[in-house]
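Read off the chains here:
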Amino acid sequence: MFLSSAGWLHDALILFAGLWAGTINAIVGSGTLVTFPVLVALGYAPVAATISNAMGLIAGNVAGSWGYRRELAGLGGTLLRLLPASILGGITGAWLLLHLPEDVFGTVAPFLIVVALLFVVFQPKLQSWVRERAARDTEPGTLMQGPARPSWTLTVLIYLAGVYGGYFVAAQGILLVGILGIFLHGTLQNANAVKNILVLGVNLVAAASYMLFAFDRIVWPVVALIAVGSLIGGFVGAAVGRRLHPVVLRTVIVLLGLVALWIMVF
């Protein structure tokens, strides 16, 4: 047992939350809307919960990226162009999290949860729009070869998504899928594969920043539990994600996000 003083139920809740978050992250993103409310409900401070959660989910990011490796074929140039912007954004977001007063995060977090939930709720419409655009602009079977619009626009948006991810992990994957689907040619599976790599980059850099500058805020038993759960969930999500009904996942995410919002506000 990782957290013997807290009890096995405490451990099981965190482990299961990590498992579910890893699965969701591999499929659609926004797994933090599962783990974050669980950690806050268990009494962890919001910033400590965010830091520990982000570090724990790295294992799931690795598993999800590996599971989608086939969809990355031919996209090496795209990743080389976008990954630095994403990482720089993650550094910026992590710096903001560590240097702004904690009460700022407590004030901003509910609004960020609302933004994340809106992306989750409206994701089907966004995906439909992306599919329609891809059908018009992309020949069948074509992989993403580069940006469909000026590269600086795409780079800036990827950077801003990285800032969001470095500061508040929740739903950065959904933001990235939306951006990539709009500004890059290819299928949503291609966009999701690139998203997994970019999220992994942001979380790795953010984790390094936390270890260097906020070591005392890291709750290592929580990191370990989420890492084990998300690692398993990442492989599960990558393997069976296309078979799961998205409405079920979306409903759970929204409900848990509302729980997090209630906890943060009251």
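What counts as what
- Residues numbered from 1 in each chain as written.
- Predicted model: local features only at pLDDT ≥ 70, side-chain atom pairs only at ≥ 80, totals over all residues.
- Heavy atoms only, no water.
- Helix = DSSP H or I, 4+ residues; strand = E, 2+ residues; numbered from the N terminus.
- Buried < 20%, exposed > 50% of the residue type's maximum accessible area, 1.4 Å probe, protein only.
- Contact = heavy atoms within 4.5 Å.
- Areas by Shrake-Rupley, 256 points an atom, 1.4 Å probe, with all protein chains shown as cover.
- Patch = residues over 30% accessible without salt bridge, like charges linked within 9 Å, V, L, I, M, F, W, Y side chains within 5 Å.
- Salt bridge = Lys/Arg side-chain N within 4 Å of Asp/Glu carboxyl O.
- Expected span 1.5 Å × (residues − 1).
- Core = buried A, V, L, I, M, F, W, Y, C linked by side-chain atoms within 4.5 Å.
- Axes fitted to C-alpha atoms, helices over the stretch in contact; angles between N-to-C directions.
- Parallel < 35°, antiparallel > 145°, perpendicular 65-115°, else oblique.
- Left-handed = near helix turned anticlockwise from the far one by under 90°.

Novice: So what exactly am I meant to see when it comes to the overall build of the chain here?
Specialist: A tally of helices and strands in the chain yields 12 helices and 0 strands. Reading the secondary structure of the chain in the N-to-C direction produces α-α-α-α-α-α-α-α-α-α-α-α. Looking at the chain residue by residue over its 266 residues, the buried ones come to 54%. Considering only contacts within the chain whose residues lie at least 6 apart along the sequence, 84% involve residues at least 24 apart. When the accessible surface of the chain is split by element, carbon and sulfur atoms take 73% of a total near 11,700 Å².

Novice: Explain a nonpolar patch on the surface here, please?
Specialist: Judged by side-chain polarity, Leu15, Trp66, Val228, Leu231, Ile232, Phe235 and Val236 come together as a nonpolar surface patch covering roughly 610 Å² of accessible area. Per-element accounting of the nonpolar patch gives the leading share, 5 residues, to helix α11 (residues 220-240). Here Val228 shows up in helix α11. A residue is classified by how much of its surface remains accessible, and Val228, at 39% relative accessible area, is partly exposed.

Novice: Where do I start with helix α1 (residues 8-27) in this structure?
Specialist: Every α-helix carries 3.6 residues per turn, so stepping three or four residues along brings you back to the same face. In this model, α1 (20 residues) spans 29 Å end to end at C-alpha, consistent with the 28 Å of a helix rising 1.5 Å per residue. For α1, the set of buried residues is His10, Asp11, Ile14, Ala17, Gly18, Ala21, Gly22, Thr23, Ile24, Asn25, Ala26 and Ile27. Of the residues flanking the end of α1, it is Gly29, one or two places downstream, whose phi is positive at about 95 degrees.

Novice: When you look at the nonpolar core in this model, what are you seeing that I'm missing?
Specialist: When a protein is soluble and globular, its nonpolar side chains tend to lie buried together. Ranked by size, the top nonpolar core spans 45 residues in total, and within it Ile51, Phe105, Phe168 and Tyr210 carry the most contacts. If you tally residues by element for this core, the top one is helix α2 (residues 32-41), at 6 residues. With sequence-adjacent residues up to four places away left out, Phe105 is seen in contact with Phe36, Pro46, Val47, Thr50, Leu97, Pro110, Tyr167 and Phe168. If you look at the next biggest cluster of nonpolar residues, it comprises 20 residues, including Leu154, Ala161, Ile179 and Leu180.

Novice: Just to check I follow, could you spell out the packing of α2 against helix α3 (residues 46-56) for this structure?
Specialist: For any two helices packed against each other, the geometry comes down to the angle between their axes and how far apart the axes lie. Where α2 meets α3, the axes come as close as 9 Å, and the angle between the chain directions of the two elements is 135 degrees. For the element pair α2 / α3, the angle class is oblique. Between α2 and α3 the crossing geometry is right-handed. From α2, Thr32, Thr35, Phe36, Leu39 and Val40 reach across to α3, where they touch Pro46, Ala49, Thr50 and Asn53.

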